[in-house]
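Residue-level structure breakdown
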Amino acid sequence: MSEAAVLPGQPAETMEQPASAVAPERRIHPALATLRSLFRHRLFVTGLILFGIIAILAVLAPWITSANPNRLAMRFKFLPPGGDWVFGTDSFGRSMWARTVYGAQLSMLIGASVVLINAVLGTLIGATAGYFRRTDNALMRVNDALMAFPAILLAIAVTAVLGPSTMNVIIALAIVYVPRTARIVRASVIVQREMDYVQAAVASGVGQLRILWRHVLPNAMAPMIVQLSFLFAYAVLSEATLSFLGVGAVPPTPTWGGMMAEGRDFMRDAPWIIAIPGVALMITVLGLNMLGDGLRDVLDPRMGMHQ
Amino acid sequence: MIGFILRRVAGALPVLAIVSLITFSLMRLIPGDPAAAIAGLSATPQMIAQIRADLGLDEPFLTQMVSWYGNLFQGSLGRSILLGKGVVEVTFERLPVTLGLSAYALVLTLLIGLASGIIAAIRHNTVVDQIAMAFAMIGISVPSFFLGLVMIILFAVHLGWLPSGGYVTFQSDPWGWFRSMTMPAISLALLQAGLLARITRSTMLEVLRQDYIRTARAKGLPDWQIVFRHALANAMIPITTVVGIIVSLLISGSVVTEALFSIPGIGQLLTQAVLSRDYPMVQGGLLLVTVFLVIVNILVEVAYALLDPRVRYE
């Protein structure tokens, strides 16, 4: 992410001024100031820690689990948490710890991919519609139509058509969420393109694409960055929902939603099969939502919850 | 006002046209042979050919499209392969179940969401505010099916207070309906209640900062009158627009809630249709539910315009 991206309401130009032009001494870099206020924001830091724990587990998965998440050991089935099996075992005697950690990996992979696709396509579509107004009508009609579908139903229908797989879940969630991101980018691009600095840039003969890319977009980024952290949360939740319904990644791939669906038959005697992935999912989503609230308070104060 | 409504309906038409085009194209995007996919692995070539002919998949794309739209305008969306009945018929059979559940959840959403949002705004920056917002944060973060499962384990499996699932119609047994719908409605309402509490709080805070509120305070009006007669009346206007989003989220959420509590509503119908590759049902059901949501959104906009006359003249 470019450092200009974290500076709403300030033309990107200021970033390029030579050091001598930046006036008084002891003035800290604006991007640094933003970071500093983020790390002073309690909610943001709490969210970052919660999300960070899950993200680190996901990255370290191969090194912190000794067992293959799909290895069956029927004589060890339904072992409660504690002892040799930290999180116990499931109905096939598979390690719940290994499955939860690899489930985290899948959730992170899907969340990150959906966020990345949204950042690229959402910006592309939103910026085009917002800046080149002649394209707006056509793009936004399709956008509105996609947003009219209930989110989960559309995702289910798309995975039904493409077939259940991790890749197709990512595609389905991208189709569901890109229109929503595009709308947000479009709205802030429309605000920015009416600003005086855009007129100034047009007057000094800067090309349209360059104005959009170098000047308008960096200033219009804040709402999208905030949206992306919530989007990560939606994507993780939606993936779990799809897997829970049995239309997500194919078993025996460890997914939190899939694990919880398998645990339904044993909830009286082995409630940990549901509780452990459920709590992991909750921590992830809670962390991301707190992160999003913190980002919004700092980057996009007009929308803030915590005035 | 009538002009406003007509303009809204006209504005929704292109959206509906594209929605129907997307749903039509969706089934044609199935990689490979859709008929073979529907028939399954054990199908004979004759069976596949039969399905292909039944669904008109052997015709050129444009012919398929013309006949699909032709049927659509006559109120037919084909037959469900799984249930052997008309898609429209089945959908309208199941829709009341989902609407009943959603209505119950909507009532809970509004009660919890509005109340905690208003209280948090009035007691801004106090412990009450922080507790309310912490609950709202948990509300938007707990997956509804996880809460549902926890409630089933607690209240159905261990305490035996409520049934763990199943469905009785309201007409035949209102109390039984109430008992079997309570856990689903709570788990379904949670997310929306959290969202609404957050939106209500920030909207109320915005309104409470306005000059006319200070004037009301200055002329000595009691607090409750300021909050309910002056602040809430104006805060409700932007909050109305959220109701459309909430209904969409409720319908979306009912998919997993119905699967979890074995409620025979539209969500369960479509999930089963997806799992059994009943593509006409998926396609038709998706279209009908989306049309329903578009209509709800028009109604919300009309309500908005009734509450705030300025909107009508934009």
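Scoring rules and cut-offs
- Throughout this description, residue numbers start from 1 for each chain and increase along the sequence as written.
- Chains and ligands are labelled by the order in which they are written, letters from A for the one and numbers from 1 for the other.
- Where totals are concerned, whole chains, interfaces and linings use all residues; where local detail is concerned, this predicted model gives features only for residues with pLDDT of at least 70, and gives and counts side-chain atom pairs only at 80 or more.
- Per the convention used, a helix needs a DSSP run of H or I reaching at least four residues, while a strand needs a run of E reaching at least two, with both numbered from the N terminus.
- Our contact criterion uses C-beta atoms placed from the backbone: two residues qualify when those atoms are within 7 Å.
- Residues are grouped as follows: nonpolar covers Ala, Val, Leu, Ile, Met, Phe, Trp, Tyr, Cys and Pro; charged covers Asp, Glu, Lys and Arg; every other residue, Gly included, is treated as polar.
- Orientation is described by axes fitted as lines to C-alpha atoms, over the contacting stretch for helices, and by angles from 0 to 180 degrees between their N-to-C directions.
- When an angle is under 35 degrees it counts as roughly parallel; over 145 it counts as roughly antiparallel; between 65 and 115 it counts as roughly perpendicular; any other value is oblique.
- Crossing handedness is read from the near helix: turned anticlockwise from the far helix by less than a right angle, it gives a left-handed crossing, and turned clockwise, a right-handed one.
- Here a nonpolar core is just a set of buried residues of the types Ala, Val, Leu, Ile, Met, Phe, Trp, Tyr and Cys, joined wherever their C-beta atoms sit within 7 Å.
- Neighbour counting defines burial: a residue surrounded by 20 or more other C-beta atoms within 10 Å of its own C-beta is buried, one with 12 or fewer is exposed, and intermediate counts give partly exposed, using backbone-placed C-beta atoms.
- Per-residue confidence from the predictor is reported as pLDDT, which spans 0 to 100.

For chain A, the count of helices and strands is 11 helices and zero strands. Each helix and strand of chain A, placed in order from N terminus to C terminus, yields the pattern α-α-α-α-α-α-α-α-α-α-α. Counting contacts in chain A only where the partners sit at least 6 residues apart, residues at least 24 apart contribute 70% of the total.

Inspection of the secondary structure assignment puts leucine 159 of chain B in the loop between α7 (144-158) and α8 (174-208). In sequence terms leucine 159 of chain B and leucine 196 of chain B are 37 residues apart; their C-alpha atoms lie 31 Å from each other.

Residue-level contacts link 39 residues of chain B with 35 residues of chain A. When contributions to the side of chain B that touches chain A are tallied by element, the ones reaching two or more residues are α1 (2-28), α6 (127-141), α7, α8, α10 (223-261), α11 (266-275) and α12 (279-307) of chain B. If you tally residues by element for the side of chain B that touches chain A, the top one is α1 of chain B, at seven residues. Residue composition of the side of chain B that touches chain A, grouped by class: 32 nonpolar, six polar and one charged.

Right, let's talk about the packing of helix α4 (residues 133-148) of chain A against helix α6 (residues 166-193) of chain A for a bit. Helix packing geometry: the angle between the two helix axes and the distance between the axes. All names here are of chain A. Axis separation between α4 and α6 bottoms out at 9 Å; the angle between their running directions is 130°. Compared by their axis directions, α4 and α6 come out oblique. For the pair α4 and α6, the crossing hand works out as left-handed. The residues of α6 that touch α4, namely those facing Asn143, Leu146 and Met147, are Ile175, Pro179, Arg180, Ala182 and Arg183. Looking at the contact of α4 with α6 residue by residue, the classes come out as five nonpolar, one polar and two charged.

Counting 175 residues, the largest nonpolar core has Leu153, Ala155, Ile156, Ala157, Leu173 and Ala235 of chain A as the members making the most contacts within it. The residues touching leucine 173 of chain A, leaving out its near neighbours within four places in the chain, are Val114, Ala155, Ala235, Ser238 and Glu239 of chain A.

Right, let's get into the confidence of the model for chain B. With 97% of its residues at a pLDDT of 70 or more, chain B has an overall mean of 85. Note on the complex model: pTM 0.85, ipTM 0.85.

As a further point, take the packing of helix α5 (residues 87-122) of chain B against α12 of chain B. Residue and element names in this part refer to chain B. Put simply, α5 and α12 touch, their axes get as near as 9 Å, and they point 55° apart. Taken as axis vectors, α5 and α12 run oblique relative to one another. Where α5 crosses over α12, the handedness of that crossing is right-handed. The residues of α12 that touch α5, namely those facing Val87, Val88 and Thr91, are Pro280, Met281, Gly284, Gly285 and Leu288. Along the lines of polarity and charge, the residues of the contact of α5 with α12 split into five nonpolar, three polar and no charged.

Taken as a whole, chain A shows an average pLDDT of 81; of its residues, 85% reach a score of 70 or greater. Across residues 1-23 of chain A the pLDDT falls below 50, and counting only partners more than four positions away or on other chains, this stretch makes 30 contacts in the model.

Here the focus is unusual backbone geometry. A negative phi angle is the norm for most residues apart from glycine, just as the trans form is the norm for most peptide bonds. Residues and elements named next belong to chain B. The backbone phi angle of asparagine 125 is positive, close to 60°, even though this residue is not glycine. Residue placement: asparagine 125 occurs in the loop between α5 and α6. The phi dihedral of serine 262 falls on the positive side, at around 45°, and the residue is not glycine. Structurally, serine 262 is set in the loop between α10 and α11.

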